[in-house]
Amino acid sequence: MIKIFERRTRIAMNRVKKKKSPFIYKSYSKKPKHKWLRKRNAQEQRFKRTGVFCILIAFFFLASLVWNIFSNGYSAFTEAQINLPVEFQAELIEDDAYRKIIQNSLLELFPGIEDRKEKRELFSLISRNAPHILEKIVEEDPTVIGRKSMVWIPASSAVSIFYKQHLYEQAKRSGKISTSQVAWVTDLARTQNMRLKFNATFFKNGDSREAEQAGVLASTIGSFMTILVCIAMAFPLGVATAIYLEEFARKSWFTDFIEININNLAAVPSIIFGLLGLSIYLNIFGLPRSSSLVGGMVLALLILPVIVIATRNALQAVPPSIRYAAAALGATPTQVVFHHTLIYALPGIMTGVILSIARAFGETAPLLMIGMVAFIADVPKTFTDPATTLPVQVYLWANNPELGFVEKTAAAIMVLLTFMVLINLLAIYIRRRFEIKW
Amino acid sequence: MKKTLYTFIALVVLALPLQAQAGTNIQIVGSSTVYPFVTVTAEEFGNNTDFNTPIVESTGTGGGFKLFCAGAGEMHPDISNASRAIKQSEEKLCAKNGVKDITEIKLGYDGIVLANSKKADRYSLSKEQIFLALAKKVPVDGKLVDNPNQNWSDVDASLPNVKIEVYGPPTTSGTRDAFSELVMEKACKDLPAFKAAFPDKKVRKKSCHLLREDGRYIEAGENDNLIVQKLQSNPQALGIFGFSFLDQSGDIVQGSIVGGIEPTFDNISNGSYGISRSLYVYLKNAHIGKTAGFKEFATELISDEAAGEFGYLSEKGLIPLPAEELKTMQQRITKLTQ
């Protein structure tokens, strides 16, 4: 028995010398003759298998999530368009009756439709926003007035879904698309007057109640403005707090008390910070409701404790010899911190900050209380303009009853995930590039 | 490294141009049932005028009035949506905070439906049966006892032998208020057992509104879409929500027949379907002329193109007002804005 242990120890030490893991799993799988040894090896095997099983389960959930999002959302990046013969009649343009122009050209495509209900179905083939598109064309190039030209106009969301054959069964069953509409679309497709195009609208528009017009621009910009305010407030405050507590404050019951509170705050449910923001920022300071300024300030409260803890850990990791050396050369305590300790701790601090920003980026609950969970169509221009954020946009679209929003929701999640991956990659890059091992 | 730190801090500080601009957006709060309609009007208004698109928050009717009545001035919402008329207590709250003049506008009607998955058979219920299935206390042999009914067949032998399971809105919701009033109260206020137990009308009304809390009625939050999804995965269950959601999810769920009438657009607008309620919009008169575009937006809300018989809101499932009532509402706005 002793021999076996000796042998194992020797093998393990040799492997460590060669910078390999000291464990050799293979040798355990051989059936030893001792019963106790077999039992121990079986235990080892069981644990390993459980680990692999757990990873597989986690991977399965991740894969099904990604698959679900992707299969629902990929089609949102294209939109169906209809080629319309548009006659830019001067008198109609003068009256601003662009809707009438659109209706005329649809009736020209499919002549002989008299019935009111059929007409309505015909007009709902194309996006409700079509008149505004014509208006823009006329504004950009007034020479089109009086002429007739072919214009590609986005189709309505239901038609788009039908044409893409995605969620088609649902669209048909729900009666969103009628038999005559099916006939018209098939006809248009046959004559090549319908096409699929990259859906630029999705990246150029804000929120809309028409699925084919809804986009993520406003919420993306809102997200970045919110995060900017959040960094501007949380980074200096958090780092300064941590430096003072770690490097200057004398240890007393008071600093202990502060430390316990900071650790506690890091675990407080985020909606509570929203309530705090509502009562302090909105009701006492009178800052504008729904603005990215208030949103960022609330999220700053949320990540402040996390930044303090990360910064303190990073400062603790800097060996005292650095501080002693600086002090021995005559540096004042402030110089020691700002010229030496902080510089070496910075990669660690940055990693902590970036990861907490990723958390703030995905928050919706605290924003609910301060009015950022709202229908906001305009792109925010200043920090006091009303704004939403990307996760809020996902939440709002998921609540919309129209079928077209199913794919938009999934597509918005994809955009959100892309930003998340980028932020995390940045954190990993900074850690790899600048980290100092002592 | 030092430079990076300083540039970073400088960047962050520079990124704070805090020019405070006065709120130029119309702010709207309130019912999640009215939200899908008012947002459409808001968007149309933003597209067709030079004013900013109004901001619409879906807070529930009660939550909306709380914000709306908190005070006058640009800090507070201009408009509150409601799926029921304002309560006296809310009017008092408003008056206490200096919001004295408010205008009530009826936008249209919405039916409340009890729907289940299309995978199962359609239910046909009466209000009494719904009451017996969902009330906290029901009369048994002339006495009030805790609701003993477990399956629909316990309520009435003609109903299927299926567990009672109903997803519905919480108490903060206007849909819930309307449901309590139109179904529960109607079915129970004249029951002799209730009359005997609660001689006082007000107390009786309150106890009629109580729904059972033993897991048969499940509060599903303010999110009607969530209820529709739950019905999809649980074909036995019924869900309570607004007609507009049934209209948009007609592929997955079907509305139960109540009192022999199916919930359809026509049946609700002609009043034959028994559970329908009015949708309201409340305007703060003091904000007219102060919030940019308030007057114009109010006019757009109730215009023929929006709320009329063939208006764009009817495409979204709103059941429009009769022509005459619409006229009255429009006149109310014109009078207001003169």
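Above: the structure in question.
Residues numbered from 1 in each chain as written. Chains lettered and ligands numbered in written order. Predicted model: local features only at pLDDT ≥ 70, side-chain atom pairs only at ≥ 80, totals over all residues.

Caption draft 1: Just the overall build of chain B, in detail. In terms of regular secondary structure, chain B is built from 16 helices and 13 strands. Dimensions of chain B along its principal axes, counting C-alpha atoms only, are 75 × 65 × 40 Å. (Helix = DSSP H or I, 4+ residues; strand = E, 2+ residues; numbered from the N terminus.)

Caption draft 2: Representation of the pairing of strand S6 (residues 137-140) of chain B. As paired strands, S6(B) and strand S7 (residues 143-146) of chain B are joined by four bridges and run antiparallel to one another. Among the inter-strand pairings, Val140(B) is bridged to a residue of S7(B), identified as Lys143(B). (Pairing = 2+ DSSP bridges.)

Caption draft 3: Geometry of helix H10 (residues 224-233) of chain B. Residue and element names in this part refer to chain B. Buried within H10 we find Asp 224, Ile 227, Val 228 and Leu 231. Down the axis of H10, the buried side of the element spans an arc of 100°, and every buried residue falls inside it. In the core, the buried residues of H10 are packed alongside strand S4 (102-117), strand S8 (166-168), strand S10 (238-242), helix H11 (243-248) and strand S11 (253-255). (Buried ≥ 20, exposed ≤ 12 C-beta atoms within 10 Å, placed from the backbone. Arc of directions from axis to C-beta. Contact = placed C-beta atoms within 7 Å.)

Caption draft 4: Quick peek at the sheet that holds strand S3 (residues 194-198) of chain A. All names here are of chain A. Here we have three strands laid out as an open sheet, ordered S2-S1-S3, and antiparallel in their pairing. The open sheet is flanked by strand S2 (148-154) and S3, the only strands paired with a single partner. Across the sheet, the mean angle separating the axes of adjacent strands is 40° when strand polarity is ignored. Both strand S1 (residues 78-87) and S2 contribute to a ladder of seven bridges, which runs antiparallel. Pairing of Val 86 across the sheet is with Ser 149, part of S2. Sheet strands touched by helix H8 (residues 157-164): S1 and S3. Its angle to S1, the strand with the most contacts, is close to 115°. (Axes fitted to C-alpha atoms, helices over the stretch in contact; angles between N-to-C directions.)

Caption draft 5: Examining the packing of helix H12 (residues 217-248) of chain A against helix H19 (residues 390-399) of chain A more closely. Residues and elements named next belong to chain A. Across the interface, H12 lies against H19 with an axial gap of 8 Å and an inter-helix angle of 145°. In contact with Ser 219, Thr 220 and Ser 223 of H12, H19 contributes Leu 390, Val 392 and Gln 393. The residue inventory of the contact of H12 with H19, partitioned by class, reads two nonpolar, four polar and no charged. (Nonpolar A, V, L, I, M, F, W, Y, C, P; charged D, E, K, R; others polar.)

Caption draft 6: Looking closely at the environment of Asn104(A). Its place among the elements puts Asn104(A) in helix H5 (residues 98-109). Along the primary structure Asn104(A) and Phe123(A) are separated by 19 residues, whereas in three dimensions their C-alpha atoms are 9.7 Å apart.

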